[in-house]
Amino acid sequence: MITVVREHKGVGEKTEVGWPMMLIKGAPDVLFPACTTALNADGNEVPFDSEVFRRVSALQSQWSSEGQRVLALCRKALDNVKIDFNHTPANDIEEVMYSQLSNLTLVGLVGIRDPPRSDVKAAIQVIRRAG
């Protein structure tokens, strides 16, 4: 999933609009190869080298083995992308955004737990009895 946002500073006529930023969430195996930097806990960007890849892959594997669905969160400044977001058709904007899936900064990982509902066990028993 890709979202494009702009930072707005100030109020009224003194509002300044910053460059657009692309925010991405998705499968780590899809997004990791597109990352060139990662954010440290202190907010500084570091190269997405083999050591960073090893650490985040280990965390992803650990969370996955615990039954969590793991998503990577990335960002990219779009200061070099010239597009009129107010007058360009949505499909064209989407195509441009997908073409920008490179040189991403890994912001973090999210692990989602979605335990089965209480009625799932009974439903599985019914399905097994039915063959």
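Described below are features of the structure shown in this document. For clarity, every value in this text was computed on a predicted model and none was experimentally measured. (Residues numbered from 1 in each chain as written. Predicted model: local features only at pLDDT ≥ 70, side-chain atom pairs only at ≥ 80, totals over all residues. Heavy atoms only, no water.)

On to helix α2 (residues 50-65), then. The terminal C-alpha atoms of α2, which comprises 16 residues, lie 22 Å apart, in line with the 22 Å expected from a rise of 1.5 Å per residue. Here the buried face of α2 lies against α1 (28-31), β3 (35-39), β4 (45-47), β5 (69-77) and β6 (104-112). Count one or two residues on from α2 and you reach G67, which has phi positive near 85 degrees. (Helix = DSSP H or I, 4+ residues; strand = E, 2+ residues; numbered from the N terminus. Expected span 1.5 Å × (residues − 1). Contact = heavy atoms within 4.5 Å.)

Another aspect to go through is the nonpolar core. Most often, soluble globular proteins have nonpolar side chains that are buried together. One finds F32, F48, C74, L104, L106 and L109 to be the most contacted residues of the largest nonpolar core, which totals 20 residues. Counting only elements with at least two residues in this core, the list comes to β2 (16-26), β3, α2, β5 and β6. (Core = buried A, V, L, I, M, F, W, Y, C linked by side-chain atoms within 4.5 Å. Buried < 20%, exposed > 50% of the residue type's maximum accessible area, 1.4 Å probe, protein only.)

So, about the pattern of salt bridges. With the rule as written, the count across this model stands at four salt bridges. Among the salt bridges present, the one from E51 reaches R54, with a minimum N-O distance of 2.7 Å. Residue E51 and its partner R54 are located together in helix α2, separated by three residues, close to a single helical turn. E51 gets classed as partly exposed once you look at its relative accessible area, which sits at 37%. Under the relative-accessibility criterion, R54 is labelled partly exposed at 47%. R113 is paired through a salt bridge with E66; the nearest N and O atoms lie 3.7 Å apart. Of this pair, R113 sits in the loop between β6 and α4 (120-130) while E66 sits in the loop between α2 and β5, and the two are 47 residues apart along the sequence. Assessed through its relative accessible area of 38%, E66 is described here as partly exposed. (Salt bridge = Lys/Arg side-chain N within 4 Å of Asp/Glu carboxyl O.)

These figures capture arrangement, not role.
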